[in-house]
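Residue strings, one per chain:
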Amino acid sequence: MSAARDPRPLTGEPLALDLLNTRWNREGETQDLLDGTEGLAAWLVSNGLAGAYPADAVVLRHLRQAREALRAAVHGSPDEAAPLVDAVLAHGRIRARLTPDGPGEEPEFADPAWGPAWLAARNYLELLTRAPERIRTCAGGGCILHFFDTSRNGTRRWCSMAACGNRAKASRHYARSKEG
């Protein structure tokens, strides 16, 4: 796999959910993009972070820690997940500053290797502030992907209509045709 090619079936979600989507199912088997530094490189490229952070073992370790913290936050109890997410967030902060364009904020890290992990955890907080009810797990049977529902009425159920949505519709159609 080349660093420029991202093999995942769903990309382009907000950073926190895109990190969760580094695990997906293919033909009943869980795939993991972060099983090595090549996959990390692909993830960094997909999220516009390739020039800023190296695809090395340290960044990979921190990113995996953030992924597990976010998984606990999305699927577990807030009491259990908060310390895990906070442990990642403890490695960075937002620095307020005045720019030629006006007020600005920029992330700051004591150890830059925490950058991608921290940015993903921070993005999760932004999603929670914006619309926590729109952080969703795909309703497709066997699918473990996550998405941020940006549909007008907030009723999106699948990671993708082309994949899981189409399978669900075909399954319903097949069941109806069998009944008739």
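Refer to the structure presented above.
Residues numbered from 1 in each chain as written. Predicted model: local features only at pLDDT ≥ 70, side-chain atom pairs only at ≥ 80, totals over all residues. Heavy atoms only, no water.

Chemist: Even after reading the chapter, I still don't get the pattern of salt bridges, so can you show me in this structure?
Modeler: Side chains bearing opposite charge may pair, as long as their charged atoms lie close to each other. The full count for this structure, using the stated rule, is 13 salt bridges. Ionic pairing is found between Glu108 and Arg93, a salt bridge with its closest N-O pair at 2.4 Å. Taken together, the positions of Glu108 in strand β4 (residues 102-109) and Arg93 in strand β3 (residues 92-99) put the pair 15 residues apart, joining distant regions of the chain. Judged by relative accessible area, which is 27%, Glu108 ranks as partly exposed. (Salt bridge = Lys/Arg side-chain N within 4 Å of Asp/Glu carboxyl O. Helix = DSSP H or I, 4+ residues; strand = E, 2+ residues; numbered from the N terminus. Buried < 20%, exposed > 50% of the residue type's maximum accessible area, 1.4 Å probe, protein only.)

Chemist: Which parts of the structure should I look at to understand the side chain of Asp18?
Modeler: Mapped onto the secondary structure, Asp18 falls in helix α1 (residues 15-20). In contact with Asp18, other than residues within four places in its own chain, are Arg8, Leu10, Thr11, Gly12, Glu13, Trp43 and Asn47. (Contact = heavy atoms within 4.5 Å.)

Chemist: I'm lost on the nonpolar core in this one. Help?
Modeler: The tendency in soluble globular proteins is for nonpolar side chains to be buried as a group. Within the largest apolar cluster, 45 residues are counted, with the highest numbers of intra-cluster contacts made by Leu19 and Trp43. Of all the secondary structure elements, the ones that give two or more residues to this core are α1, α2 (37-46), α3 (57-75), α4 (78-89), α5 (115-130) and β6 (146-148). With 7 residues, the single largest contributor to this core is α3. What Trp43 contacts, discounting residues up to four positions off in sequence, is Arg8, Leu15, Asp18, Leu19, Thr22, Leu33, Leu34, Leu49, Leu63 and Pro116. (Core = buried A, V, L, I, M, F, W, Y, C linked by side-chain atoms within 4.5 Å.)

Chemist: I would appreciate a short explanation of the side chain of Gln31 in the present structure.
Modeler: By secondary structure assignment, the location of Gln31 is in strand β2 (residues 29-32). Excluding residues within four positions of it along the chain, Gln31 makes contact with Thr22, Arg23, Trp24 and Arg26.

Chemist: Quick question: what am I supposed to make of the packing of α3 against α5 here?
Modeler: Helix-helix packing is described using two parameters, namely the angle between the two axes and the distance between the axes. Remark: α3 packs on α5, axes separated minimally by 8 Å, with the N-to-C direction vectors making an angle of 15°. If you check the angle between α3 and α5, you find them roughly parallel. Between α3 and α5 lies a crossing of right-handed hand. Across the interface between the two elements, Val59, His62, Leu63, Ala66, Leu70, Ala73 and Val74 from α3 touch Pro116, Ala117, Ala120, Ala121 and Tyr124 from α5. (Axes fitted to C-alpha atoms, helices over the stretch in contact; angles between N-to-C directions. Parallel < 35°, antiparallel > 145°, perpendicular 65-115°, else oblique. Left-handed = near helix turned anticlockwise from the far one by under 90°.)

Chemist: Sorry, what's going on with α2 here?
Modeler: Think of an α-helix as 3.6 residues a turn; residues three or four steps apart then line up on the same face. Restricting attention to buried positions, one finds in α2 the residues Gly39, Leu40, Ala41, Ala42, Trp43 and Leu44. Each element contacted by the buried residues of α2 is listed here: α1, α3 and α5. Gly48 lies just past α2 and shows a positive phi near 70°.

Chemist: Even after reading the chapter, I still don't get the pairing of β2, so can you show me in this structure?
Modeler: The side chains of a regular strand alternate, residue by residue, between the two faces of the sheet. With 4 bridges joining them, strand β1 (residues 23-26) and β2 adopt antiparallel strand pairing. Bridging across to β2, Trp24 finds its partner in Gln31. Connecting the antiparallel pair β1 and β2 is a turn made up of 2 residues, with Glu27 showing a positive phi of about 50°. (Pairing = 2+ DSSP bridges.)

Chemist: Can you help me understand α5 in this one?
Modeler: For α5, with 16 residues, the first-to-last C-alpha span of 22 Å sits near the 22 Å given by 1.5 Å per residue. Where α5 is concerned, the buried positions are Gly115, Pro116, Ala117, Trp118, Ala120, Ala121, Asn123, Tyr124 and Leu127. (Expected span 1.5 Å × (residues − 1).)

Scope: geometric values only; no functional claims are made or implied.
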